[in-house]
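One letter stands for each residue in the lines below.
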Amino acid sequence: MSDEELIVEFALARVDNPGLDLEEVAALVVRRVGPERMVEFAGQTLVHRDELRGAVFPAAVEHVLRVVLTLRGPRD
């Protein structure tokens, strides 16, 4: 899944759930994309951290947040 596709998934989840904070929306996205993507996202987080292992779901959520916040850019 490209970063752009991930942003679209995140935006749709946020529109459907406006009362949730960013981490809760990221968790919804991870649940929606399924187990294969969750493992892919977690793997990318662990590579970024230079770690060999970690909990899959939290690492996947971290990846989604990192992509969203990186593409969102600095806030004024």
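Residues numbered from 1 in each chain as written. Predicted model: local features only at pLDDT ≥ 70, side-chain atom pairs only at ≥ 80, totals over all residues. Heavy atoms only, no water.

**Q** Help me get a handle on the environment of Arg-72, residues and values and all.
**A** Looking at where Arg-72 falls in the secondary structure, it is placed in helix H4 (residues 56-72). Exposure remark for Arg-72: the relative accessible area of 38% places this residue in the partly exposed category. When the C-alpha atoms of Arg-72 and Val-8 are compared, they prove to be 12 Å apart, with 64 residues separating the residues in sequence. (Helix = DSSP H or I, 4+ residues; strand = E, 2+ residues; numbered from the N terminus. Buried < 20%, exposed > 50% of the residue type's maximum accessible area, 1.4 Å probe, protein only.)

**Q** Give me the nonpolar core: which residues, what numbers.
**A** The biggest cluster of nonpolar side chains holds 19 residues, and the ones touching the most others in it are Phe-10, Val-29 and Val-64. Of all the elements in the fold, those that place two or more residues in this core are helix H1 (3-16), helix H2 (22-33), helix H3 (35-49) and H4. Broken down by element, the residue count for this core peaks at seven residues, all from H4. Contacts of Val-29, omitting those with residues within four sequence positions, involve Leu-6, Glu-9, Phe-10, Ala-13 and Val-64. (Core = buried A, V, L, I, M, F, W, Y, C linked by side-chain atoms within 4.5 Å. Contact = heavy atoms within 4.5 Å.)

**Q** I'd love a proper account of unusual backbone geometry, names of residues and values included.
**A** Phi is positive for Asp-50, close to 60°, though the residue is something other than glycine. Inspection of the secondary structure puts Asp-50 in the loop between H3 and H4. Since its relative accessible area comes to 71%, Asp-50 is described here as exposed.

**Q** Residues and numbers for the environment of Met-38, please.
**A** Relative to the helices and strands, Met-38 is located in helix H3. Considering only alpha carbons, one finds Met-38 and Thr-70, 32 residues apart in sequence, at a separation of 19 Å. Once residues lying within four places of it in the same chain are set aside, the contact partners of Met-38 are Val-30, Val-33, Val-56, Phe-57 and Ala-60.

**Q** Break down H4 for me, citing the residues and quoting the values.
**A** In an α-helix there are 3.6 residues to a turn, and that puts residues three or four apart on one side. With 17 residues, H4 extends 24 Å from end C-alpha to end C-alpha; this agrees with the ideal 24 Å at 1.5 Å per step. Along H4, the positions that sit buried rather than exposed are Ala-59, Ala-60, Val-61, His-63, Val-64, Leu-65, Val-67 and Val-68. One or two positions beyond H4, positive phi appears at Gly-73, with a value near 80°. (Expected span 1.5 Å × (residues − 1).)

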